[in-house]
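What follows is each chain in one-letter form.
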Amino acid sequence: MKALNSMKLEIESRSVNEAFARAAVAAFAAQADPTVEEISDIKTAVSEAVTNCIVHAYPDYVGKIYIWAGIFDNGIFRVKIKDKGCGIEDVDKAMVPLFTTLGGERAGLGFAVMESFCDRIKVRSKPNKGTVVTLEKALCGRSGADERN
Ligand SMILES: Nc1ncnc2c1ncn2[C@@H]1O[C@H](COP(=O)(O)OP(=O)(O)O)[C@@H](O)[C@H]1O
Ligand SMILES: [Mg+2]
C-alpha cells in the first residue's frame, strides 16, 4: 500500500541527533492528528531505535542513520530506522527483554519498549550489513474523538 504522505531523513549517528530524530518524526506524525499519548509513544519508540544505531550499530565511529516515515489510510503510521552498521547475529535473541551486548551500560529493554509502545515491530538484520527496524502504530487520534462530540 502506498503512503498518503511520507518523509525521509538522513542523520549522522551522533548522540545529539537522537533528540532531533525523535522530534522530527513526531512533528511529521502530528499531521495525522494523534493524541498527546500517541505522539509520546512514537517518540519513545523512535528514541530507542535511533539510540541502538548510535551505540550498537556504529559503536566506535560515526555512521549514517536513515529514517523513513509514512502515513497510511486509516491513520496507520509507519517508521523505518535503518543503519549500515555491524548488524545483529541473532535477532530473536536480541529482542528478548533484558538481553544486551553492552552489559552494565544498557538495560536490554529497548526492543521491549518499542514493542509495547507500538502495534507492530519488524527487525531485519544481517551481520556486517546493517539493521532495519520497522515500527507501526495505529493513530486513533483526536479527529475520531471530535467526530463523536
Ligand atoms: N541497530 C543495531 N545494530 C546492531 N545491534 C543492535 C542494534 N539494535 C539492537 N542491537 C542489539 O540488540 C541488543 C538488544 O537491544 P535493546 O533491546 O535496545 O537493548 P540495549 O540497547 O539496552 O542493549 C543490543 O544489546 C545489541 O546487541
Ligand atoms: Mg537499546
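Our structure is the block above this text.
Residues numbered from 1 in each chain as written. Chains lettered and ligands numbered in written order. Predicted model: local features only at pLDDT ≥ 70, side-chain atom pairs only at ≥ 80, totals over all residues. Heavy atoms only, no water.

Peer 1: Summarise the sheet that holds strand β4 (residues 120-126); cite the residues concerned and give the values.
Peer 2: Taken in spatial order, the five strands of this open sheet run β1-β2-β3-β5-β4, and their pairing is antiparallel. Both outer strands of the open sheet, β1 (5-12) and β4, are each paired with one neighbouring strand and no more. Across the sheet, the mean angle from the axis of one strand to that of its neighbour is 10°, orientation sign disregarded. Inspection of the sheet shows strand β2 (residues 64-72) paired to strand β3 (residues 76-83) by eight bridges, in the antiparallel sense. Across the sheet, residue F72 finds its bridge partner in β3, namely I76. The strands touched by helix α2 (residues 36-57) are β2, β3 and β5 (130-138); relative to β3, the strand with the most contacts, the crossing angle is about 10°. (Pairing = 2+ DSSP bridges. Helix = DSSP H or I, 4+ residues; strand = E, 2+ residues; numbered from the N terminus. Axes fitted to C-alpha atoms, helices over the stretch in contact; angles between N-to-C directions. Contact = heavy atoms within 4.5 Å.)

Peer 1: If you had to explain the site of ligand 1 to someone new, which residues and values would you point to?
Peer 2: The environment of ligand 1 is formed by 18 residues, the closest being N52, H56, T100, T101 and G108. One of the side-chain N or O atoms of H56 is found 2.7 Å from an oxygen atom in ligand 1. In the model, an oxygen atom of ligand 1 is placed 2.5 Å from a nitrogen or oxygen of the T101 side chain. The set of elements that each furnish at least two residues to the shell around ligand 1 consists of α2 and α4 (110-117). (Near = heavy atom within 4 Å. Polar contact = N/O pair within 3.5 Å; in protein donor to acceptor, adjacent residues only side chain to side chain.)

Peer 1: How would you summarise the pairing of β4 if you had to cite specific residues and measurements?
Peer 2: Examined bridge by bridge, β4 and β5 share seven bridges and lie antiparallel to one another. Residue pairing in the sheet places S125 in a bridge with T131 of β5. Between the end of β4 and the start of β5, which pair antiparallel, lie three residues, with N128 showing a positive phi angle near 65°.

Keep in mind these numbers describe shape, not what the thing actually does.
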